Amino acid sequence: AISGDGISLQSYKVEARITSHYAVTTIKSKVVNTAKHPQSIGFNVDVPKNAFITKFSMNVDGVTFVGVVKEKTVARRLYAQARSRGKAAGIVRTNSQNMETFKAELFVPASSKVEFELQYQGLMMRKLSVYEYVLNLQPGKLVPQFQVDVYIYEPMGIAYVEVPNILGEQFEGITKVTHSKNKAHVSFRPTLQQQRSCHKCTSTALSGLFIVKYDVVWENNGGNLQISDGHFVHFFAPSNLAPLPKNIVFVIDVSGSMWGLKMKQTVQAMQTILDDLSYNDFFSIIDFNHNVRCWSEELVPASSIQVAEAKKYIQAIQPNGGTNINEALLRAIYMLSKGLTYGYIDPRSVSMIILVSDGDPTVGEIKLSTIQKNVKRIMREEFSLFSLGIGFDVDYDFLERIAMENRGMAQRIYANQDASEQLRNFYTQVSSPLLRKIDIQFPDIAVSKVTQNIFDKYFNGSELVVAGKLNPGFPVLQGLITASSAWMEMTFNVDANVNELDEVLASQANVYSGFAKQLWAYITIKQLMADRALAPNAVKKRKITHEILNLALEHQFVTPMTAMLVESEDGTERVLADLPKDPKQACCTGKVHFITWTSFLADLQLGRKPILVTSIPPEGVPPRNPPWPVPTTMEAEAGPITLTVVNTVDNDPHFIIHLPKKNMDVCFNIDSEPGDILSLVSDSDSGVVVNGQLRAAKQPEKNKMKTYFGTIAIYYKPGHIKVKITTKHISIEDEQYTHFISWKETGNLTQNGVQITIKRDSHVTITLNEKVSFMVLLHRVWKKHPVNVDFLGIYTPHTNVYSPKVHGLIGQFAIEPEVQVYSLHDGLDPGKPEATMDVKGGKLAVTRGWQKDYRADKVHGSDVYCWFIHNSGKGFIDGNYKNYIVPQLDSFLQQDKFKSLWNTTS
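The shown structure was predicted, so the numbers you read here are calculated from the model rather than taken from an experiment.

1. Overview of the overall build of the chain
- Looking only at helices and strands, the chain has 14 helices and 50 strands in total.
- For the chain, buried positions account for 56% of its 906 residues.
- Residue pairs at least 24 apart in sequence account for 69% of intrachain contacts in the chain once pairs closer than 6 positions are excluded.
- Of the accessible surface of the chain, which amounts to about 37600 Å², a share of 51% is contributed by carbon and sulfur atoms.

This is how it looks when you write it as structure tokens:
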């Protein structure tokens, strides 16, 4: 906002360049003192708390002042020298829910023209599957030239862009959004008349939040690796995974200070949160004042009955007394430990404590450092602590430290009318943990200065970000991600070309080409600030402070260790932007000293920012470096598929059956109908089913409609696992959930005796109990082809171990039939000789020809010479091909269809 009477605001322009969700915002304003006397002009901008100011300048009647970030003591010394010559500056800070206010004020004579420019940067954090870019538009006056331009460039692709209108009805329809695959432009340019609070008013109605919401296209669960300007960034945000079961102990402050609105809103939030618990979650509630009480001494399943009882208990709470945080937290840890020790909670579940408090401890142990040590001493590595501080009476630094030290995070809840919604929103962010023990690794020889890369948990809709410097000499960077889901061990591989993204960025307008370097510095500083808060001694704290200082100076970030010295171009005038200490991060005020325009008072202040915390790796656990080059999960990337002799079904569909004893290949086609499900392998004794469903071409060719396998389903009954492979994705279904994996992945999944190895856009290999394996090959065709469609092929090694009862179009040949080929003679086609084949008690006319094995070359294939059986394999397969049509993708073949045939042949 621009403040001051007799001040004309000529223009107010905001430009944001968001590249790979790293946002650089520049705000420019031009004002004129139209009064006939000197007066103060205020330039106030709300800056997101997680952003760093990187630039500030002022131009007054041609004299330019430019801000330079310096080490705080140096900046203060230079500033003090200027002040001793009669140049003074004051410090002001205000707090709001998600913003901190930057303020500049100066005293100027009549008719002075002033231009302000402020720039800040920060990483947009994904929450609940949304990136939000927020501007608090408070011009304070009507503006002839008011414009907001938000330019978004996402290499991954933009899924959607939304700009909800919350400024008021009169601004409906003014915002313009253009959106292509990777780029978006949001423009907001209200006219002077549209800004008026009424038709003839001279006051502005423009006051409130301008929010741009969007998400990117997540093609695979391994995430997206980007390289630019000698730095790499890996964004990891898997979805379509089953949530991990939760064990939650809610620890709620019910001391006297919670009386009234705070308690009412906490109860309202808890009612909703309890309803959100899943049937396989366990929970309990501890409420504390000077005493500590447990709703249940043990964790209980979140059944409808238990949830209803818990809601009654919460509703009846009457706040009073003191605050015994220490005993309440220790009781919660004991409750979780007991559940894990006695085995009534799932060892693969996620255990967490959610503390809600509005004040400092007053009963029992009240020394904060001792409480922190007590909790750390008995907290198990499997548990996390999340702290919610209501209002400004609580020591938020303490809540933040104790959460960070125990693999959690903290959030301040502002004690206003929507506190209940803030509590619910926080819980929603942590209510769906999808992965545990996430490890994102890159080869040590290729990278350096890597940010945190081991994470305790990943929550649905959020994002994990790892960045680092790239060492020279590597044209391609590869990464390996390992994690544990509800029932599955997962490995994903990612890679990126070193030069590709820089070439793309160079050709784009309105992008921030230096995003990767700045993003790495931003994350590194945030994590160093978190480490500094937990530093065990002064020596360690000084070392971390030095690291923060060096990075902040190099990248020109205003941090708690730096200050911005604003100087005139000739260096004769100086003012200071500083960050005062505020132990509880509450509101504070300062004095503003007004001076003449020649000495320029700029009151520049951005309040202390909370540390952005993700899960901190357990203390003493070193990063795990995989052996490089990457082992078997990536070997498909390294070269062609190793070809072994197999049974094959590919194309439309052609079967190739290898007979090892005869070293012979036999071929046949199946001319079935689109939608039919064919039994390929059916082994009821070992519990293995492989079925394929046919899909049709787009239209007939030469009066014949070709069919292809569009879906291959593999059911492993002992592990209760169903794997369905389509041309779009791979799904893994267990008894409770279905996981979806994109063909854009390269990785490895293991669950209940089933191992699934995926090579991006190529093939997937499924191994069952280490005895049976199948490789499914993906065939992509030109999307605009008038006839052809994407399809699948399946390859099975003859070394698979089945039971004697195995059957199906492929499975029946696990027991090799006796075959004799004789009477070889020329056929109608000179290149295709004919012969007679004795097999299964019959004589068949066969033709020598060839089919294709597409494993090594998916375009042209490799020729496999074989004896071709006519009439859909009749006489070579048991019965008729129609006997192999089954009703469902997981159906076993009903072998009684073949009993009469077997009795006859026997």
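2. Here's the deal with the state of the cysteines
- Applying the stated criterion across every chain yields a total of 2 disulfides.
- At a sulfur-sulfur separation of 1.6 Å, the disulfide partner of Cys198 is Cys201. An S-S torsion of about 95° defines the bridge between Cys198 and Cys201 as right-handed.
- Assessed through its relative accessible area of 37%, Cys198 is described here as partly exposed.
- For Cys201, a relative accessible area of 18% puts it in the buried group.
- Through a disulfide, Cys667 is tied to Cys866; the S-S separation comes to 1.8 Å. Taking the torsion about the sulfur-sulfur bond, which here is approximately -120°, the covalent link between Cys667 and Cys866 counts as left-handed. One end of the pair, Cys667, is in strand β35 (residues 664-669); the other, Cys866, is in strand β50 (residues 862-869), with 199 residues separating them in the sequence.
- Each disulfide in the chain links cysteines that, numbered along the sequence, combine into the pattern 1-2, 3-4.

3. A few points about the packing of aromatic side chains
- Evaluation of the coordinates by the stated rule reveals 25 aromatic pairs.
- Here the aromatic rings of Phe43 and Phe102 are separated by 6.5 Å at their centres, their planes lie at 80°, and the arrangement is edge-to-face. Residue Phe43 is found in strand β4 (residues 39-48), and its partner Phe102 is found in strand β7 (residues 99-108); the two are separated by 59 residues along the sequence.
- Classification of Phe43 by relative accessible area gives buried; the value is 0%.
- An aromatic cluster is defined as three or more aromatic residues linked by ring pairs; in this entry it consists of Tyr12, Phe146, Phe171, Phe188 and Phe210.
- When the ring centre of Tyr715 is taken as reference, the NZ or CZ atom of Lys722 above it lies at 5.5 Å.
- Over the ring of Trp850 we find Lys832; its NZ or CZ atom is 5.8 Å from the centre of that ring.

4. Comments concerning the sheet that holds strand β9 (residues 131-137)
- Read from one edge to the other, the open sheet built from 3 strands follows the order β9-β14-β11, with strand pairing classed as antiparallel. Two strands bound the open sheet, and with one partner strand each, they are β9 and β11 (158-162). Pairwise comparison of adjacent strand axes, ignoring direction, gives a mean angle of 15° for this sheet.
- Summarising the sheet, β11 and strand β14 (residues 208-216) pair through 4 bridges and their orientation is antiparallel. Paired with Tyr160 across the two strands is Asp215, which belongs to β14.

5. What to know about the sheet that holds strand β15 (residues 224-228)
- On the basis of which strands lie adjacent, the open sheet formed by 4 strands has the order β15-β16-β27-β25 and antiparallel pairing. Looking at strand neighbours, the two that pair on one side only are β15 and β25 (447-448), the edges of this open sheet.
- Bridge count for β25 against strand β27 (residues 464-470) is 2 bridges, and the pairing is antiparallel. Its bridge partner lying in β27, Val447 is registered against Leu470.

6. Thoughts on the side chain of Asp853
- In this structure, Asp853 sits in strand β49 (residues 842-853).
- On the basis of relative accessibility, which here comes to 8%, the residue Asp853 falls in the buried class.
- Within the structure, Asp853 has its side chain in polar contact with the side chain of Arg855 (distance 2.7 Å).
- Apart from residues lying up to four places away in sequence, Asp853 is in contact with Tyr795, Gly861, Ser862 and Val864.

7. Concerning helix α6 (residues 368-378)
- Here α6 has its buried residues at Leu368, Ile371, Gln372, Asn374 and Val375. Relative to the axis of α6, the buried residues are bounded by an arc of 160° and lie together on one face. Residues of α6 that are exposed and point over 90 degrees away from its buried face: Lys373 and Arg377.
- Where α6 is buried, its residues touch α5 (325-341) and α7 (396-404).

8. Topic: the pattern of salt bridges
- Applying the stated rule across the entire model yields 25 salt bridges.
- A salt bridge links Asp287 to Arg293; the nearest nitrogen and oxygen atoms lie 2.9 Å apart.
- Residue Asp287 is classed as buried on the basis of its relative accessible area, which comes to 2%.
- The partly exposed category is assigned to Arg293, whose relative accessible area is 31%.
- Here Lys704 ties to Asp671 by a salt bridge, and the two come within 3.8 Å at their closest N and O atoms. Here Asp671 lies in the loop between β35 and β36 (677-683) and Lys704 lies in the loop between β37 (688-696) and β38 (707-716), a separation of 33 residues in the sequence.

9. A few points about the packing of α6 against α7
- Running from N to C, α6 and α7 point in directions that differ by 15°, and their axes come no closer than 10 Å. When the axes of α6 and α7 are compared, the pair comes out roughly parallel. In terms of crossing hand, the pair formed by α6 and α7 is right-handed. In this structure, α6 uses Leu368, Ile371, Gln372 and Val375 to contact α7, whose residues at the interface are Phe398, Arg401 and Ile402.

10. Section: the pairing of strand β13 (residues 183-188)
- In the sheet, strand β10 (residues 145-153) pairs with β13 via 6 bridges, with the strands oriented antiparallel. For Tyr151, the partnering residue across the bridge sits in β13 and is His185.
- With 4 bridges joining them, strand β12 (residues 176-179) and β13 adopt antiparallel strand pairing. Opposite His179, over in β13, you have Ala184 as the bridge partner.

What counts as what
- Residues numbered from 1 in each chain as written.
- Predicted model: local features only at pLDDT ≥ 70, side-chain atom pairs only at ≥ 80, totals over all residues.
- Heavy atoms only, no water.
- Helix = DSSP H or I, 4+ residues; strand = E, 2+ residues; numbered from the N terminus.
- Buried < 20%, exposed > 50% of the residue type's maximum accessible area, 1.4 Å probe, protein only.
- Contact = heavy atoms within 4.5 Å.
- Areas by Shrake-Rupley, 256 points an atom, 1.4 Å probe, with all protein chains shown as cover.
- Disulfide = S-S within 2.5 Å.
- Phe/Tyr/Trp six-rings, centres within 6.5 Å; stacked < 30°, edge-to-face > 60°.
- Lys NZ or Arg CZ within 6 Å of the ring centre and 35° of its normal.
- Pairing = 2+ DSSP bridges.
- Axes fitted to C-alpha atoms, helices over the stretch in contact; angles between N-to-C directions.
- Polar contact = N/O pair within 3.5 Å; in protein donor to acceptor, adjacent residues only side chain to side chain.
- Arc of directions from axis to C-beta.
- Salt bridge = Lys/Arg side-chain N within 4 Å of Asp/Glu carboxyl O.
- Parallel < 35°, antiparallel > 145°, perpendicular 65-115°, else oblique.
- Left-handed = near helix turned anticlockwise from the far one by under 90°.

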